Amino acid sequence: MGQPCVHCGEDCGNHPVLLNDLTFCCYGCQTVYQILNEKDLKQYYQIEKMPGIRIENQDTGDKYAFLDLEDIKTRLLDFSDSGIGKVTFFIPGIHCASCIWLLENLNSLNDGVVHSTVNFPRKEVNITFREDKISLRNLIELLVSIHYIPEITLGKLDKKGSRSSDKKILLKIGITGFVLMNVMMYNFPEYLPGGDLLETNFRRFFGWLSLGLSIPVVFYCSSDYFLSAVKSLKYKIISIDLPIALGIAALFLQSAYEVISQTGTGYLDSLAGLIFFLLIGRWYQSKTYQALSFERDYKSYFPVAVTRVENNLEKVTQLKDIQEGDRIIVRNQELIPADAQLLKGEGNIDYSFVTGESLPVRKHPGDTVFAGGRQIGSVVELKVIKNVEQSYLTQLWNQEMSEEPYSSRLKNLINGVSRYFTVIVLLIAIAAGFFWLWKGETSTAVFVFTSVLIVACPCALAMTIPFTFGTTMRQFGRMGFYLKRTDIIEKLYKADTIVFDKTGTITYSQGMKIEFVGQNPDAAELMLIKSVVRHSTHPLSAALFRSLEGDFYPDIEQFKEIPAMGLSGLVKSIRVNIGSAKFVTGKDEEEKGLSTKVYVYIKDRVLGYYRFENQYRKGLNSILENLKDNYDLHLITGDNESEKAKLQPMFSGDGHLLFNQSPQDKLHYIKKLKEHGKTVLMIGDGLNDAGALDVSDAGITIADDIYHFSPACDAILESTRFNLLDKYIRFTKTSMNIVRISFGISFFYNVIGLSFAVQGLLKPVVAAILMPVSSVSVVAFATLSITLLAKRKLK
């Protein structure tokens with residue numbers, strides 16, 4: 001045996017490759033080591049010792065030259081515009097924390113990479129890169145140079161491809177089932193009284209047949225358990241598959257010894273039954289997990305809609321009903337829902353939601369714009385050129401763009417418990433096995449050792465959170481409350497401070513009573529006003545737009561929307577300003593009463609103002625009353641103090657009401673609360689408070705019938721369900737209680753199972769049946785409990 005390779009840990013043999021007294025098994029591993037050190041990425045080796053994969057060949061030559069073909073590039077890229085490309089690769093070689101760290105630091109190896117994120121369960125890496133600095137071909141060659149070789153297949157365009165892994169496990173179940181039936185038939189006389197009277201030669205012959213049939217079951221059908229255990233041990237990790245692998249090995253070796261030495265027929269029927277039920281359990285758990293769809297494919301209920309143009313009339317339409325060729329309208333700050341061609345208007349597209357790059361890209365009529373971009377400026381008309389993929393928009397929403405990803409204490413605790421759990425089970429199995437050996441009962445010792453290893457499994461413990469939170473998320477979604485990720489439930493549970501926005505959040509953005517005070521505008525002026533407010537998504541703009549008659553909208557130039565101030569633009573070369581008194585008249589004005597004033601300036605004079613009578617959402621008083629005892633309630637708004645007297649009794653005190661606040665003021669206020677140790681839940685409309693929603697611990701957007709989509713938020717609440725807001729927040733405490741009870745069930749099961757196993761009262765086959773049953777029972781309890789309680793409490 002030679003020294004282990006510094007990079008991959010393989011044996012270097014008698015002639016290692018040397019570099020600065022370091023040993024490598026080949027020049028490939030040496031090359032990768034040099035690349036990482038030159039780029040100051042030594043941390044790769046600090047996360048996991050010898051985490052690399054052995055490099056067989058580094059010379060790619062023209063292997064990836066086909067990626068220079070424009071047609072191939074177009075089909076592989078998820079996004080390509082203004083020199084920014086985005087692509088997703090499946091990389092089977094991703095296997096540990098070091099792999100994740102290195103792949104998410106590709107920008108250190110090449111500054112053409114903007115950022116990269118790894119989806120470890122799916123073994124996928126999503127890379128955003130600058131096409132003028134690194135081509136798609138060069139990007140793949142970079143990955144190959146550090147031996148993370150992507151599987152490049154245009155078959156990914158077919159989203160309905162079958163999973164070979166499902167076929168593989170079904171094949172293993174079929175083989176094991178066939179062997180189990182035959183081995184049980186060979187051992188059938190042993191199950192009956194007088195079976196010991198069977199002739200010795202027949203017993204030996206059946207024993208050898210059973211042993212021969214069991215070999216493919218052990219070395220093929222149960223190979224995943226052994227491979228997982230060996231790989232984990234290689235990196236000094238004790239996985240939950242190690243006890244199972246040891247139990248299978250113990251039964252097989254003992255049985256083989258008895259058959260070969262002609263001292264018995266072994267326990268090959270128990271072995272085949274054990275592996276059969278283990279595989280059935282693994283397949284069933286996998287199917288159960290997939291059935292609950294925790295990948296959050298919101299196609300059926302995600303609240304996104306767009307404005308479609310039909311016969312020159314604008315109509316709000318569900319996103320799922322948009323077809324290729326439809327004409328749609330996208331306003332300032334609205335999301336582009338599908339790949340489209342710009343027909344009319346001045347495109348100024350912010351792709352930060354897709355690429356992380358915040359610099360807007362100019363677009364002209366005839367240009368292509370991509371789904372996920374956000375229009376900045378005046379209204380644009382688009383023609384859909386690719387069918388909508390709502391799952392793509394949801395995937396973008398689910399991206400974790402935060403520089404400090406949320407770390408769940410609950411999940412960290414479970415991971416730690418699961419790790420030590422396996423070690424403790426191994427020690428109990430060894431101790432119980434030696435005890436029965438000491439008593440001289442070898443067969444019982446083997447059964448006890450195997451049963452302890454199989455019956456005690458932390459799977460149920462590990463599955464508690466994803467299934468409980470996943471079911472909660474599904475129930476919320478069915479009732480109009482849509483969560484970005486399951487960990488948002490824990491964030492909502494921990495919140496102790498709730499900050500509300502006012503306009504469009506606790507007040508209705510539709511159905512307001514609107515009247516004009518001043519010199520009434522004529523028909524031409526009304527057309528100018530409607531043309532300007534049409535370009536804004538602010539609740540007051542939308543309400544004013546709906547209240548004005550007319551369907552003709554002249555083109556607008558120099559459109560600007562200044563948050564918390566107002567709108568400005570040139571319509572037919574006439575300047576139109578609409579907004580606050582300070583923005584339009586240049587003077588602050590103290591307002592009284594339950595109304596909001598929006599002033600209008602056209603050409604060279606102030607016409608007057610629209611007065612909006614605010615109507616608070618149904619159930620607001622009861623919501624605030626129910627939350628007041630357990631949460632610190634705040635209101636922060638860009639509106640004036642006209643309604644302070646009415647609002648003050650509803651909130652936690654005079655100091656918790658802030659008026660005339662800009663979006664930046666809101667953001668700083670949330671940061672200040674967090675600096676004082678508060679866990680902040682922000683509730684807004686996703687427009688002027690997008691920054692505050694983003695920096696809060698959890699952010700909820702209230703979505704009206706137009707279904708305005710805000711990437712900054714963690715959750716979206718349909719405005720028609722606003723009266724249930726306090727119940728949704730309190731239900732997170734119910735979810736946490738279900739998690740605790742599920743933990744208790746899991747521990748109780750393991751204690752009872754172990755107590756029977758160590759006494760020799762539990763056969764390995766029964767243990768193999770009980771192991772998946774325990775996981776399924778916890779899943780069933782969590783799923784049914786959350787479903788029933790949600791129906792009772794979320795009414």
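Everything numeric in this text was worked out from a predicted model, so none of it was measured.

1. A short note on the overall build of the protein
Within the protein, the secondary structure is distributed over 26 helices and 28 strands. Contacts in the protein between residues at least 24 apart in sequence constitute 67% of all its contacts with a sequence separation of at least 6. Summing over all exposed atoms, the protein offers an accessible surface of approximately 36,900 Å²; the carbon and sulfur share of this is 54%.

2. Considering the sheet that holds strand 11 (residues 347-350)
What the 3 strands build is an open sheet, ordered 12-11-14; its pairing is antiparallel. Strands at the two margins of the open sheet, each flanked by one partner only, are strand 12 (361-363) and strand 14 (374-375). Relative to strand 14, strand 11 runs antiparallel, the two being bridged by 2 bridges. Residue pairing across strands places Ile349 opposite Gln375, the latter belonging to strand 14.

3. Here we look at helix 19 (residues 539-547)
For helix 19, a buried count of 7 out of 9 residues is recorded, marking the element as mostly surrounded by other parts of the structure. Restricting attention to buried positions, one finds in helix 19 the residues Pro539, Leu540, Ser541, Ala542, Ala543, Leu544 and Phe545. Here the buried face of helix 19 lies against strand 8 (313-318), strand 18 (513-518), helix 18 (523-533), strand 20 (566-571), strand 22 (595-602) and strand 23 (605-613).

4. Considerations on the pattern of salt bridges
The full count for this structure, using the stated rule, is 11 salt bridges. A salt bridge links Glu310 to Arg308, with the shortest nitrogen-to-oxygen separation between them at 2.8 Å. Looking at Arg308, the relative accessible area reads 15%, which means it is buried. Residue Lys674 pairs with Asp697 through a salt bridge whose shortest N-O separation is 4.0 Å. Within this pair, whereas Lys674 is found in helix 23 (residues 663-675), its partner Asp697 is found in the loop between helix 24 (690-695) and strand 27 (698-703), the two being separated by 23 residues in sequence. Linked by salt bridges that have partners in common, Arg308, Glu310 and Asp326 make up one network.

5. Here's the deal with the nonpolar core
Counting residues in hydrophobic clusters, the biggest one holds 50 residues, and the most contacted among them are Ile248, Leu251, Leu271, Ile275, Leu278, Val452 and Val455. For this core, the secondary-structure elements that each account for two or more residues are helix 6 (164-186), helix 8 (200-221), helix 9 (223-234), helix 10 (241-261), helix 11 (268-291), helix 14 (409-438), helix 15 (442-455) and helix 25 (725-758). Setting aside residues up to four positions removed in sequence, Ile248 forms contacts with Val218, Ser222, Tyr225, Phe226, Leu271, Leu274, Ile275 and Leu278. Formed by 49 residues, the second largest nonpolar core is a distinct cluster that contains Phe469, Met473, Leu657 and Leu724.

6. Focus on the packing of helix 18 against helix 19
Packed helices, taken two at a time, are described by the angle their axes make and the gap between the axes. Orientation of helix 18 relative to helix 19, taken along the N-to-C sense of each, is 140 degrees, at an axis distance of 9 Å. On the basis of their axis angle, the class for helix 18 and helix 19 is oblique. Read as a crossing pair, helix 18 and helix 19 show a hand that is left-handed. When helix 18 is examined against helix 19, the residues Ile529, Lys530 and Val533 are found in contact with a partner set consisting of Ser541, Leu544 and Phe545. Here the residues of the contact of helix 18 with helix 19 sort into 4 nonpolar, 1 polar and 1 charged.

7. Brief notes about the packing of aromatic side chains
Within a pair of aromatic rings, the relevant descriptors are the distance that separates the centres and the angle that separates the planes. By the definition in use, this model includes 10 aromatic pairs. The interplanar angle of 50 degrees and the centroid separation of 5.1 Å between the aromatic rings of Tyr599 and Tyr609 together place this pair among those described as tilted. In this pair, Tyr599 sits in strand 22 while Tyr609 sits in strand 23, placing the two residues 10 residues apart along the sequence. The residues Tyr599 and Tyr609 share a single accessibility class, namely buried. By way of ring pairs, the aromatic residues Phe476, Phe481, Tyr728 and Phe731 are connected into one cluster. It is Lys172 that lies over the ring of Tyr220; its NZ or CZ is 5.2 Å from the centre.

8. Let's talk about the confidence of the model for the protein
With 73% of its residues at a pLDDT of 70 or more, the protein shows a mean pLDDT of 75. Below a pLDDT of 50 lies the segment residues 154-163, which in the model reaches 11 contacts outside its immediate sequence neighbourhood of four places, other chains included.

9. So, the sheet that holds strand 16 (residues 481-483)
Spatial strand order, 16-28-27-26-17-24-25: 7 strands in an open sheet with mixed pairing. Among the strands making up the open sheet, the edge pair consists of strand 16 and strand 25 (657-658). Pairing of strand 26 (residues 680-684) with strand 27, which is carried by 4 bridges, proceeds in the parallel orientation. Pairing of Gly684 across the sheet is with Thr701, part of strand 27. On the sheet, helix 17 (residues 487-494) packs against strand 16, strand 26 and strand 27 and is oriented at approximately 110 degrees with respect to strand 16.

10. What to know about the environment of Pro216
Here Pro216 lies in helix 8. Of the residues examined, Pro216 reaches a relative accessible area of 37% and is grouped as partly exposed. Pro216 sits 37 residues away from Val179 along the chain, and the two C-alpha atoms are 9.2 Å apart.

11. Side note on helix 23
In a regular helix each residue adds 1.5 Å, so 13 residues correspond to 18 Å; helix 23 covers 19 Å between its end C-alpha atoms and thus fits that length. All of the buried residues in helix 23 are Lys666, Leu667, Tyr669, Ile670 and Leu673. The buried side chains of helix 23 occupy one side of the element, clustering within an arc of 160 degrees when seen end-on. One or two steps after helix 23, the chain reaches Gly677, where phi turns positive at roughly 85 degrees.

Conventions adopted
Residues numbered from 1 in each chain as written. Predicted model: local features only at pLDDT ≥ 70, side-chain atom pairs only at ≥ 80, totals over all residues. Heavy atoms only, no water. Helix = DSSP H or I, 4+ residues; strand = E, 2+ residues; numbered from the N terminus. Contact = heavy atoms within 4.5 Å. Areas by Shrake-Rupley, 256 points an atom, 1.4 Å probe, with all protein chains shown as cover. Pairing = 2+ DSSP bridges. Buried < 20%, exposed > 50% of the residue type's maximum accessible area, 1.4 Å probe, protein only. Salt bridge = Lys/Arg side-chain N within 4 Å of Asp/Glu carboxyl O. Core = buried A, V, L, I, M, F, W, Y, C linked by side-chain atoms within 4.5 Å. Axes fitted to C-alpha atoms, helices over the stretch in contact; angles between N-to-C directions. Parallel < 35°, antiparallel > 145°, perpendicular 65-115°, else oblique. Left-handed = near helix turned anticlockwise from the far one by under 90°. Nonpolar A, V, L, I, M, F, W, Y, C, P; charged D, E, K, R; others polar. Phe/Tyr/Trp six-rings, centres within 6.5 Å; stacked < 30°, edge-to-face > 60°. Lys NZ or Arg CZ within 6 Å of the ring centre and 35° of its normal. pLDDT = per-residue confidence, 0-100. Expected span 1.5 Å × (residues − 1). Arc of directions from axis to C-beta.

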